[in-house]
Amino acid sequence: MNKIIRNMLFALGCIAVIISCKRDTDYVLSTPSMFIPNVDLRKIYKNTEVTLTTENMRGASMVKGQVISNHSTNNLPSGLLIIQNTRIVGGLDSLRGIAINIGVDAAKYVPGDSVHVKIEGGVLKRVDGTLQIMGKTAADVTKIASGKTLYISRGYGNLIATYPDRYECTLLTIYKCTFNPTLSVTETLAGDKVLNDGTNDFGFYTDPKASFASVKPPYSGNYKGIIINKIVNDKILPQLRITNANDIGALSTNIDAPECVISGFISDVNGGDGNNEYVQLRATKDINFANTPFSLIVSNNAGASVPTGVPAQGWATGQQRTYKINLTSGTVSKGDFFYVGGINKLINGANSTSIASSKWIRALDYNKVSDRFNSASTVTGNATTGLMANSGNAFGMAVFRGIEVTGATVPIDVLWVSTGGLLYQSGGAPNYGGGYRIGNTDIYDVINPQNLVPQPFYRAGTNTQSLTYLTADLGYFYLLGGAYDTKLNKWVKARTQTPILLTKTSALTDIEPANATEIR
C-alpha cells in the first residue's frame, strides 16, 4: 500500500512540474510605455550630463506631468517649465519633479496645466544647481488639459536638507515657519534668507525683481513653494521659492516667546497626593517674579469635579475644576529649573527625598488654601487633596503672564494628559466655541496650520494631542524633554514624555537629567 501511495505522489509531482513550465510563446508580449516617470528619469543622471535616448529611458521617449511653475511673478529661473508627477505610484516617495528648459515659452504654461513633453534627444544636466533637461523647445510640449487641481505635499525642513534631489522641482507646503535670524519689522521678502520649521533650517529666496519682493512677511506662517537647488561650495543646497504673496499663510504676526516652559511634573506620588504634587518648569530668560508675576493653573476633570459640563470660563472656572497658584516672588536665571506645588517639597510623597534645596518659586498648602482668579471676581479654586486627576480623565496645566486670569486669557505654555471628560464645545466665529484655551506651543496651534481656521481650545481642530496617563500611585515623574531655542523663539524639538519611576530614595538629579527639556 505504501508503495502505491509513493507512486501516486510522484506522478502528481511530475504533472505539477509540467504544468508550471511555460514556453516562451506562453508569455504575453508587451510594449514599453512611451512615458518615463520622473523618479526613473532623475536616476539616469550620474553626476555628469547625459543625452536622453530610448535605450537609457527603457523604451520611453516622453515625460508627462502637472505644471507647477508660474513665471508671471518673476521669482523662478527663467526658461524652465517645471512639472511634477500627475499621479503618485507606490506612495509619496515616488513623487518627483523635473525642470525642462524651453526658453521664453515656459511662461506660456501655468500651474494646473497637464502636459506631455518629448524629451528624447535632450540633455540631462545640472545647471546652477538645478537638474534640468536642455535642448528642448515649445514644439516638444503638448498641453493635454488645464485647470487641474495641483498636488501639494507637506514638506519638512530636515528631510529637504537631507534629500535635496528628492524634493527638487516639487510643490510643497511647509508649516509653522519662522525666519532664522528673526526679521526686523521693516524687512521684506527680497533676497536670500533662511527659514526654520522646527525641524531644520532651509534656504528661502525671493528675487528682488519679483512682484511681491517688497512684502513684509508675518512672524510665523505656512509657506507654499517649489524647491530649487543651487550649488554653494560644491554642495547642493535647497531653496524654497514661492510664486505669489498668497503662498504665505500667516499664523502669527507677532513674536510671543514664553518666559518659561513646563519641563516635567508628578501627578500621582507613591502614597497620598495631598501637598505632594508639583510641576517643574524651566526659564527661557531671567525672571524677577516680584516685577513680572506669573501664575500656574492646574485643571482637574475627574468625573465628580464641579461645576460639571464644558467649563464656560475655561482655566478660570474654579471650584473643583481649576486651581491657580500665583508666582509673585523669587528670581530665576535663563536655563534654571524651578518648582511650583505643595508645601511638602518631597520628590515622591511621604518619607521620600526632600527637594526643598531646589529652586521653589511657590509652595503652598493646597489642602487648605483657595485662590481667586482675578481681583474683580469671587471665583476661587477650592482647596483640594489632589491637584491633578487620577481617574483617567484629562488633566492639564497652563502658565499665564500675570495673576489676573479670565476665560479669555491665553496661556504662554500648556500641556494636557489624557482626553476624557467634558472639555470643549465647538462653535463658529468669533469665539469658536468654549473650553480650555491653548497657546502656540510645540504641541498646540491657535490657528489650524492645515486650513488656517482658528482653533483656540484644547480638543479643537488639530489640538487633540495629549500625554499618556500613567498607572496610579506608583510615583511616575513625567520627564518631557524637547528643545526650545531662545534665538529663534520657538520649539525646535517637540516635547515627548519619558516616564521616570521614582522611589523613596530618588535624587533631584533623577528629575533634572541630561535629557530634560533643553533651553538653547
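Computed from a predicted structure; not experimentally measured. (Residues numbered from 1 in each chain as written. Predicted model: local features only at pLDDT ≥ 70, side-chain atom pairs only at ≥ 80, totals over all residues. Heavy atoms only, no water.)

> Would you mind going over the pairing of strand β22 (residues 337–342) with me for this structure?
Among the 6 residues in β22, 6 count as buried, and that is most of the element. Where strand β17 (residues 278–283) lies against β22, 5 bridges are found, and the strand directions are antiparallel. For Arg282, the partnering residue across the bridge sits in β22 and is Phe337. With 4 bridges joining them, β22 and strand β23 (residues 360–364) adopt parallel strand pairing. What sits directly across from Tyr339, in β23, is Trp360. (Buried < 20%, exposed > 50% of the residue type's maximum accessible area, 1.4 Å probe, protein only. Helix = DSSP H or I, 4+ residues; strand = E, 2+ residues; numbered from the N terminus. Pairing = 2+ DSSP bridges.)

> Where do I start with the pattern of salt bridges in this structure?
Pairing between side chains of opposite charge can happen when the charged atoms of each approach one another. Here the structure, examined in full by the defined rule, presents 16 salt bridges. Asp445 serves as the salt-bridge partner of Lys176, at 2.8 Å between the closest nitrogen and oxygen. You can see Lys176 sitting in strand β10 (residues 171–179) and its partner Asp445 sitting in the loop between β29 (434–435) and β30 (476–479), a full 269 residues away along the chain. Arg401 is the partner of Asp256 in a salt bridge, and the nearest nitrogen-oxygen pair spans 2.8 Å. Of this pair, Asp256 sits in the loop between β15 (248–252) and β16 (260–266) while Arg401 sits in strand β26 (residues 395–401), and the two are 145 residues apart along the sequence. (Salt bridge = Lys/Arg side-chain N within 4 Å of Asp/Glu carboxyl O.)

> Looking at this structure, I do not really get a nonpolar patch on the surface. What am I missing?
On the surface, Tyr156, Leu159 and Tyr163 cluster together into a nonpolar patch covering about 240 Å² of accessible area. Mapped onto the elements of the fold, Leu159 is located in helix α3 (residues 157–162). (Patch = residues over 30% accessible without salt bridge, like charges linked within 9 Å, V, L, I, M, F, W, Y side chains within 5 Å. Areas by Shrake-Rupley, 256 points an atom, 1.4 Å probe, with all protein chains shown as cover.)

> Just to check I follow, could you spell out the sheet that holds strand β7 (residues 130–134) for this structure?
To summarise the sheet geometry, strands pair through backbone hydrogen bonds and adopt either a parallel or an antiparallel arrangement. Spatially, β1-β6-β7-β4-β3-β2-β5-β8 is the arrangement adopted by the 8 strands of the open sheet, whose pairing is mixed. Two strands bound the open sheet, and with one partner strand each, they are β1 (50–51) and β8 (141–145). The pairing of strand β5 (residues 114–118) with β8 spans 4 bridges and is antiparallel. For His116, the partnering residue across the bridge sits in β8 and is Thr142.

> So what exactly am I meant to see when it comes to the nonpolar core here?
General note: in soluble globular proteins, nonpolar side chains tend to be found buried as a group. Counting residues in hydrophobic clusters, the biggest one holds 49 residues, and the most contacted among them are Phe265, Met397 and Trp416. Those elements that provide at least two residues to this core are β16, β17, β19 (294–300), β20 (322–327), β22, β23, β26 and β27 (413–417). Of the residues forming this core, the biggest block, 5 residues, is contributed by β26. Sequence-distant contacts of Met397, defined by excluding residues within four places in its chain, comprise Ile262, Phe265, Val279, Leu296, Ile297, Val298, Trp315, Met388, Asp413, Val414 and Leu415. (Core = buried A, V, L, I, M, F, W, Y, C linked by side-chain atoms within 4.5 Å. Contact = heavy atoms within 4.5 Å.)

> I'm lost on the confidence of the model for the protein in this one. Help?
Caution applies to low-pLDDT parts of the model: their predicted coordinates are not meant to be read in detail. Taken as a whole, the protein shows an average pLDDT of 91; of its residues, 92% reach a score of 70 or greater. Below pLDDT 50 for its whole length, residues 1–5 participates in 0 contacts with residues either more than four positions away or in separate chains. Counted against residues more than four places away or in other chains, residues 8–30, with its pLDDT under 50, gives 1 contact. (pLDDT = per-residue confidence, 0-100.)

> Looking at this model, I keep getting lost on the sheet that holds β17. Mind explaining?
Taken in spatial order, the 6 strands make up an open sheet running β23-β22-β17-β16-β30-β33, and their pairing is mixed. Because the sheet does not close on itself, it has two edges, and the strands there are β23 and β33 (498–501). Averaged over all adjacent pairs, the angle separating strand axes in this sheet is 20 degrees, with direction ignored. With 4 bridges connecting them, β30 and β33 associate as antiparallel partners. Paired with Leu479 across the strands is Thr498, a residue of β33. (Axes fitted to C-alpha atoms, helices over the stretch in contact; angles between N-to-C directions.)

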